[in-house]
Amino acid sequence: MKRCGLYARVSTDIQAQIKEGSLDTQLDILRKYVEIKNSTTEEDWRVVALYREEGKSGKNTDRPEYKHMIQDVESGKINTILCTKIDRVSRSLMDFYHFHELLEEFDVTFISLNEQWDTSIPMGRFALKITLA
């Protein structure tokens, strides 16, 4: 079973209020993706955590919901993280690299819809590693 954590972030309070790219819009898109996976695959996908990062920059990882998500990875609560775009998780290549290493250590799948990365499949892992290189 995929125990999914949905991560959404906006940098400013103003962005949080704009429909396009808002936290609610990001989370709606991610929920729909999970619904599609449930209807098109035999594996059970469940949303078990929502991480709403409002008005927080992606320049570093000093964000409450990001830290909460990492704790949930380490505790085994989630085994799949979904986001709409990679820059919602991090705008720092080094921070994202460390994030990715942690996910590999705990065997957690990372899915970014915009970049079409899904680390549960070989091409997704390859595309991500090429980008990190």
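These notes cover the structure that comes with them.

About the criteria used
Residues numbered from 1 in each chain as written. Predicted model: local features only at pLDDT ≥ 70, side-chain atom pairs only at ≥ 80, totals over all residues. Heavy atoms only, no water. Helix = DSSP H or I, 4+ residues; strand = E, 2+ residues; numbered from the N terminus. Rg over C-alpha atoms; globule rule 2.2 N^0.38 Å. Buried < 20%, exposed > 50% of the residue type's maximum accessible area, 1.4 Å probe, protein only. Contact = heavy atoms within 4.5 Å. Areas by Shrake-Rupley, 256 points an atom, 1.4 Å probe, with all protein chains shown as cover. Lys, Arg positive; Asp, Glu negative; His and termini not counted. Charge placed at Lys NZ, Arg CZ, Asp CG, Glu CD. Patch = residues over 30% accessible without salt bridge, like charges linked within 9 Å, V, L, I, M, F, W, Y side chains within 5 Å. Salt bridge = Lys/Arg side-chain N within 4 Å of Asp/Glu carboxyl O.

### Considerations on the overall build of the protein chain
Logical step 1: When you go through the protein chain residue by residue, the secondary structure sums to six helices and five strands.
Logical step 2: Listed by position from the N terminus, the elements making up the protein chain come as β-α-α-β-α-β-α-α-β-β-α.
Logical step 3: Its C-alpha atoms give the protein chain a radius of gyration of 14 Å, near enough to 14 Å, the size a compact globule of 133 residues would have.
Logical step 4: Along the first, second and third principal axes, the C-alpha atoms of the protein chain reach 40 × 35 × 25 Å.
Logical step 5: Buried positions account for 43% of the 133 residues belonging to the protein chain.
Logical step 6: Across the protein chain, contacts joining residues at least 24 apart in sequence account for 69% of those joining residues at least 6 apart.
Logical step 7: Here the protein chain has roughly 7,400 Å² of accessible surface; of this, 51% comes from carbon and sulfur atoms.
Logical step 8: The average position of the 19 basic charges and that of the 22 acidic charges among the side chains of the protein chain differ by 3 Å.

### Comments concerning a nonpolar patch on the surface
Logical step 1: On the surface, a nonpolar cluster with roughly 440 Å² of combined accessible area is contributed by Ile-121, Met-123, Phe-126 and Ile-130.
Logical step 2: Topologically, Phe-126 is positioned in helix H6 (residues 122-132).

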